[in-house]
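Listed below are the residues making up each chain.
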Amino acid sequence: MYNPTCAYACHDALSDYQLNCSVVLDPNDMDSHHMSGMSGSMFTTSRECYATDDKFLTSAAYCISTRCSHVPLSDLEHYWDVFLIGRSPDQPSPKLSFTIALLHADPSPEVAVDPQLLLNTTTLVGEQEFLASYNALSLCEQMDKNQTNFGLVILITGAVIPLACSLLRFVPFPKALVSRFNAYIVEPPLFGRRHRAPIHNLGIMPTRGQAILIAYFVIINIVLSSVGYRLAMPNSWYDTKREELLSYIRNRQGVLSFANVPLLVLYAGRNNILLTITDWSHSTFLLLHRWIAIICTIEACIHSAMYLQIYLERSEYFYESKLTYWIWGIVATLSFSILLPASVLPLRQKAYNFFLLSHFTLAFIAIIGCYLHIYYRFGNQWGYETWIYIAFAIWGFDRLMRFARLARNGVRTAEITVVDEHNIRVDIPGVSAQGHAYLYFPTLSWRVWENHPFSVMGTVMTHEQQRASRATSSEEKTDLSANDTSKVSNSIDLESSISSQPSSPAFKTGLTFFIATHGNGLRAVLRTQTRLPVLVEESYAASALDDLRAAPNCIVIAGGVGITGVAPLLRTRGAGVRLFWGVRSQALADAVRASLGPGVLDPGVVGEIAVGRRLDLRAVLGREVPERGEEAVVVVCGPAGMADEVRAVVCELGRRGRVVRLVDEAFSW
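Asks: Before we move on, can you summarise the overall build of the chain with the specific residues and values?
Replies: Of the regular secondary structure elements, the chain holds 24 helices and 14 strands. Sorting the 669 residues of the chain into buried and exposed places 49% on the buried side. Pairs at least 24 residues apart make up 74% of the contacts formed inside the chain by residues separated by at least 6 positions. Total accessible area on the chain stands at roughly 31,000 Å², and carbon and sulfur atoms take up 60% of it.

Asks: Explain the packing of helix α9 (residues 241-268) against helix α11 (residues 282-313) to me, and be specific about the residues and the numbers.
Replies: At their nearest, the axes of α9 and α11 sit 8 Å apart, and the two run at 155° to each other. The pairing of α9 with α11 is recorded here as roughly antiparallel in orientation. The chirality of how α9 crosses α11 is left-handed. A class-by-class count of the residues in the contact of α9 with α11 yields 20 nonpolar, 8 polar and 2 charged.

Asks: Give me the packing of aromatic side chains: which residues, what numbers.
Replies: Taken as a whole and assessed by the stated rule, the structure comprises 29 aromatic pairs. Ring plane angle 40° and centroid distance 5.7 Å describe the contact between Trp280 and Phe285, whose orientation is recorded as tilted. Classification of Phe285 as buried rests on a relative accessible area of 0%. Seen in terms of ring centroids, Tyr375 and Tyr376 are 5.2 Å apart; in terms of plane orientation they differ by 80°. Their pairing is edge-to-face. Its relative accessible area of 39% is what places Tyr375 among the partly exposed residues. Residue Tyr376 is classed as partly exposed on the basis of its relative accessible area of 44%. Aromatic ring contacts, followed pair by pair, group Tyr2, Tyr8, Tyr79, Phe83 and Trp382 into a single cluster. Geometry around Phe130 places Arg67 over its ring, the cationic atom sitting 4.4 Å from the centre. One Lys or Arg, Arg655, reaches over the ring of Tyr184 and ends 5.9 Å from the middle of that ring.

Asks: Talk me through the state of the cysteines; I want residue IDs and the actual numbers.
Replies: Under the criterion given, the structure shown has 3 disulfides. The side chain of Cys10 participates in a disulfide bridge whose partner is Cys63; the two sulfur atoms lie 2.0 Å from each other. Where Cys10 bonds to Cys63 through sulfur, the torsion about that S-S bond is close to -75°, and the disulfide is left-handed. With Cys10 in helix α1 (residues 5-14) and Cys63 in helix α3 (residues 54-67), this pair connects stretches of sequence that are 53 residues apart. Overall, the relative accessible area of 0% leaves Cys10 in the buried class. There is a disulfide in this structure between Cys21 and Cys49, and the S-S distance comes to 1.7 Å.

Asks: Now, about the pairing of strand β12 (residues 606-611): what can you tell me, with residues and values included?
Replies: Note: strand β11 (residues 577-583) against β12, 5 bridges, orientation parallel. Directly across from Trp581, in β12, lies its bridge partner Ile609. Handedness of the β11-helix α22 (residues 586-596)-β12 crossover: right-handed.

Asks: Could you give an account of the sheet that holds β12, naming the residues involved and the relevant values?
Replies: The parallel open sheet is built from 5 strands, whose spatial order is β12-β11-β10-β13-β14. Because the sheet does not close on itself, it has two edges, and the strands there are β12 and β14 (660-664). The sheet shows a mean angle of 10° between the axes of neighbouring strands, taken without regard to direction. Strands in contact with helix α21 (residues 563-572) are β10 (553-559), β11 and β13 (632-637); relative to β10, the strand with the most contacts, it is inclined by about 155°. Each of β10, β13 and β14 touches helix α24 (residues 640-655); the most contacted strand, β14, lies at about 165° to it.

Conventions and cut-offs
- Position numbers for residues start from 1 in each chain and track the written sequence from start to end.
- Note on the predicted model: pLDDT of at least 70 is required for a residue's local features to be given, and 80 or more for side-chain atom pairs to be given and counted; whole-chain, interface and lining totals, by contrast, use all residues.
- To obtain the side-chain values, all non-hydrogen atoms of the structure were included, while hydrogens and water were left out.
- In this text, helices come from DSSP runs of H or I with a minimum length of four residues, and strands from runs of E with a minimum of two, each type numbered from the N-terminal end.
- In this scheme, a residue with accessible area under 20% of its type's maximum is buried, one over 50% is exposed, and one in between is partly exposed, where area comes from a 1.4 Å probe on protein chains only.
- Only heavy atoms enter the contact rule, under which two residues are in contact if any of them lie within 4.5 Å.
- For the area figures, the Shrake-Rupley method with a 1.4 Å probe applies, and any residue is considered shielded solely by the protein chains shown.
- Structural elements are reduced to axes, namely lines fitted to C-alpha atoms, with helices fitted over the stretch in contact, and the angle between N-to-C directions of any two is expressed from 0 to 180 degrees.
- Here is the rule for angles: anything less than 35 degrees is roughly parallel, anything more than 145 is roughly antiparallel, 65 through 115 is roughly perpendicular, and the remaining ranges are oblique.
- In this scheme, a crossing is called left-handed if the near helix is turned counterclockwise away from the far one by less than a right angle; it is called right-handed if the turn is clockwise.
- Each residue is assigned to one class: nonpolar for Ala, Val, Leu, Ile, Met, Phe, Trp, Tyr, Cys and Pro, charged for Asp, Glu, Lys and Arg, and polar for all the others, Gly among them.
- Classification of ring pairs uses Phe, Tyr and Trp, with its six-membered ring standing for Trp, and accepts pairs whose centres are within 6.5 Å; under 30 degrees between planes counts as stacked, over 60 as edge-to-face, and the remaining range as tilted.
- Distance and angle both matter: a charge sits over a ring if NZ of Lys or CZ of Arg is within 6 Å of the ring centre and within 35 degrees of the ring normal.
- When two cysteine sulfur atoms are found within 2.5 Å, that pair is recorded as a disulfide.
- At least two bridges found by DSSP between two strands are what make those strands a pair.
- Place the viewer so that the strands point away; then a crossover is right-handed whenever the path from the first strand over the helix to the second strand goes clockwise.

So this is what it looks like as structure tokens:
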């Protein structure tokens, strides 16, 4: 940054002098506080003036030769040729080389010219002036290194901690110990009994495990904002140690805010690499994304407020606030500040499309504002923009992967069947996926970017099922209410006839989704359609379910169309899995049974399908989770209230000594 520091200190100490080629300013000129030197004389010195003034060059050469005797000559010559005049790419070079300027300084100066006077002879740099400049530059460089390292701590640990915690599942800890630890430390909500269900519809209560990580990010940002400061006087930049400390603090806040931006983008992405290499859910990363956003915004506001305060104290705000770097800094801070209230849960629920568009727009403006703030302030000299480059690289990778996942399927046709008054079935032939996929229906609205995630129920369809789906869809469009009973019967008869045929039916690749159509948004509009174009962004696999293939006892609890989230588990597991499913209508139960195919929901798998009533979850889990012996895994996918009740019961059983593990297959935003 300032290497060699002694050479930069010589330059800064001499820059206070008025030179023969300096330009005297009007005392009322508002640029006067940016003049060369701070002695009170109204003048400014251009780069061309520094490069051509003999007395400045000889004085600088003599100071460097005496103060930097420990520095190799090649390094001093490189500094002289490249950095003596400044750091601009188009700046002039000194008219004298370092060696020639040093020769012209002979005989050696014996006195230091008063900085209030015109520099018309080679001068010594006084000990006090040199020390003040040296302290300012060396401590600035040290503080910059510290805050860069501290930013790396935040970024690296933000990526490593999820990976390390995820790898712990491969360590052969005693399962009883792990179960009890999870029941006390990891799985319960931080307070109360609600995790998935919002608290007063304002926010999500994190689990204790999530709260520990959130606390880590809060504490590490506070600690790194508070340590590693060194102060020294005299200092050419500050009159008091208080001013020096406040300057370091406000700069530290700006860098830490920047360091949190890549984590913000990483945690929000669908193609977050941590989703692939860990067993953490997207919902967990989105929760962390919101808390990191709060920390990042607070640090940005502190940075901005402290700079505002110092410029107001110096009566420099009027001038500074008109500069381009200041304007873009305010744009970035305001964008971050607006993003927080514009992302509250009620708004996301009631106006999701507005939230999505405003969130993307404000976030993009904020990050662009951060970059331009640094560009216009420092000209990309000190590397602060690297944090923004990392954020854009992560964002670009996520968008590129989204486009690739979307483009490889092209435009497909979705065939929609109304199952009952609350649910529909969507079939998309010719596409293969697993886990969940994002569906775009560009002809339903002018908001062509609108998309929603849905769990994949099935990946193959028979030709007979496709024809039946189209026929049923046509009949229901004519008279839905009159055909509810016959529709269920036809579905069961169809399944029976297919399974009884001596020859295997022809299968075709395709995706099946069951979608709840409550509300007035896109889902409700889909009920009025039979066939329409669709874009499929796939696949986003549910990695947590992959680890359950070998679990000896698996208890699956689903609610409504939540059955689609656990369908892969039901298909790939035979013995050792028990399904308990609460569903509103028999029509949905029959449609799902037909989609899963014969043999999946056989009596050995189905523990209970409760149609039109609630499952007694406490009784089910108390009966199905063994009191001793092998580990039982409880998988829940359903409404928030059901998931929270399952979580509470599983934690109670774990605290009582039963070996049990919870997997909550939830997707929230």
